[in-house]
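If you want the building blocks of each chain, they are given just below.
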Amino acid sequence: MLAELRTHVARRLGLPQEEVFDGRPLSAVLVASPDAINSIDLLDAFAGALADVGVDDDVELPTMTLDHTAEDVVSALGKQLATTSS
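Keep in mind the model is a prediction, meaning the values are calculated, not measured.

## As for the packing of helix α1 (residues 2–13) against helix α4 (residues 39–52)
The interhelical angle for the contact between α1 and α4, taken along N-to-C directions, is 135°, at an axis separation of 8 Å. Taken together, the axes of α1 and α4 lie oblique to each other. The two elements α1 and α4 meet at a crossing, and its hand is right-handed. Across the interface between the two elements, Leu5, His8, Val9, Arg11, Arg12 and Leu13 from α1 touch Leu42, Ala45, Phe46, Gly48, Ala49, Leu50 and Asp52 from α4. Looking at side-chain class alone, the contact of α1 with α4 contains 8 nonpolar, 2 polar and 3 charged residues.

In structure tokens form, the structure reads like this:
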């Protein structure tokens, strides 16, 4: 399910998945994205992707800075999902 989440995040940001999840900070993803203008757009991409995969009611978006990576966000979400499914 996290793979599907990554796919939806990348689609919503208008970037290839490899570019979003290659370890660059979220600030660099934001600069590269043709669709995201600010950090709210990044938040919206993750929130929308959670809705796309049907887990938006099961998790809360973690608080992270633009120095974190998209994979940091997905990992934090994965930990929450593991806790809710236990």
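## Concerning the packing of aromatic side chains
Inspection of the entire model under this criterion finds 0 aromatic pairs. Taking NZ or CZ as reference, Arg6 lies 6.0 Å from the ring centre of Phe21, over its face.

## Some remarks on the side chain of Arg6
If you trace the backbone, Arg6 turns up in helix α1. Reaching out from Arg6, the side chain makes a polar contact with the side chain of Glu71 at a distance of 2.7 Å. The contacts of Arg6, once residues within four sequence positions are left out, are Gln17, Phe21, Glu71 and Val74.

## Let's talk about α4
The first and last C-alpha atoms of α4 sit 20 Å apart over 14 residues, in line with the 20 Å expected at 1.5 Å per residue. In the core, the buried residues of α4 are packed alongside α1, α3 (26–32) and α5 (70–84). Between a side-chain oxygen at the N-terminus of α4 and the backbone nitrogen of Ile40 the separation is 3.0 Å; the capping residue is Asn38. One or two residues past the end of α4 sits Gly54, with phi positive at roughly 80°.

Cut-offs used in this document
Residues numbered from 1 in each chain as written. Predicted model: local features only at pLDDT ≥ 70, side-chain atom pairs only at ≥ 80, totals over all residues. Heavy atoms only, no water. Axes fitted to C-alpha atoms, helices over the stretch in contact; angles between N-to-C directions. Helix = DSSP H or I, 4+ residues; strand = E, 2+ residues; numbered from the N terminus. Parallel < 35°, antiparallel > 145°, perpendicular 65-115°, else oblique. Left-handed = near helix turned anticlockwise from the far one by under 90°. Contact = heavy atoms within 4.5 Å. Nonpolar A, V, L, I, M, F, W, Y, C, P; charged D, E, K, R; others polar. Phe/Tyr/Trp six-rings, centres within 6.5 Å; stacked < 30°, edge-to-face > 60°. Lys NZ or Arg CZ within 6 Å of the ring centre and 35° of its normal. Polar contact = N/O pair within 3.5 Å; in protein donor to acceptor, adjacent residues only side chain to side chain. Expected span 1.5 Å × (residues − 1).

From the geometry alone we can't say anything about function, so treat these as descriptive.
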